[in-house]
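# Structural overview
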Amino acid sequence: MSEEQTVDVREIRRIIRVLERLSELAKQASRHGTLRDGQAYAIQQYNAILAALAAQGIEPPSYFPPITEEAGMGAVGFGSAQLAEYLSEFAEVETAGNE
């Protein structure tokens, strides 16, 4: 595995952890009605992650659209969990293919 590929897989794993945490926070916020002032930031962060992935040449399929500003924390949680799962498989394939 080249050093550049190692960095990419490590970054994907970091993104997965961020998405998993974002999903957890969004679920808590949806259940308890908390963190409403963080909703705009959560949406912004999810969309920034999609853009960062695209900049690295990793473009998730169109069934992972950006989250609209009007969406709630439930959408953030659902989208984050789904994208983390998708990227987990991507990271596993990249790691296995480069060993």
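The structure contained in this document is the topic of the report that follows. The model shown is predicted, which means the values in this text are computed figures rather than measured ones.

Definitions and limits used
Residues numbered from 1 in each chain as written. Predicted model: local features only at pLDDT ≥ 70, side-chain atom pairs only at ≥ 80, totals over all residues. Heavy atoms only, no water. Helix = DSSP H or I, 4+ residues; strand = E, 2+ residues; numbered from the N terminus. Phe/Tyr/Trp six-rings, centres within 6.5 Å; stacked < 30°, edge-to-face > 60°. Buried < 20%, exposed > 50% of the residue type's maximum accessible area, 1.4 Å probe, protein only.

## Observations regarding the environment of D8
By the element assignment, D8 lies in helix α1 (residues 3-32). Distance in space between the C-alpha atoms of D8 and A91 is 9.0 Å, their sequence separation being 83 residues.

## Considerations on the packing of aromatic side chains
Inspection of every chain in the model, using the stated rule, returns two aromatic pairs. Geometrically, the ring pair formed by Y63 and F64 is tilted, given 5.1 Å between the ring centres and 45° between the ring planes. Look at F64 and Y86: their rings are 5.2 Å apart centre to centre, the planes differ by 50°, and that puts the pair in the tilted class. Of this pair, F64 sits in the loop between α2 (39-55) and α3 (73-97) while Y86 sits in helix α3, and the two are 22 residues apart along the sequence. Relative accessible area serves as the criterion here: at 28%, Y86 is assigned to the partly exposed category. These aromatic residues form a ring-pair network of at least three members: Y63, F64 and Y86.

Without other data, these values stay purely geometric and don't point to any function.
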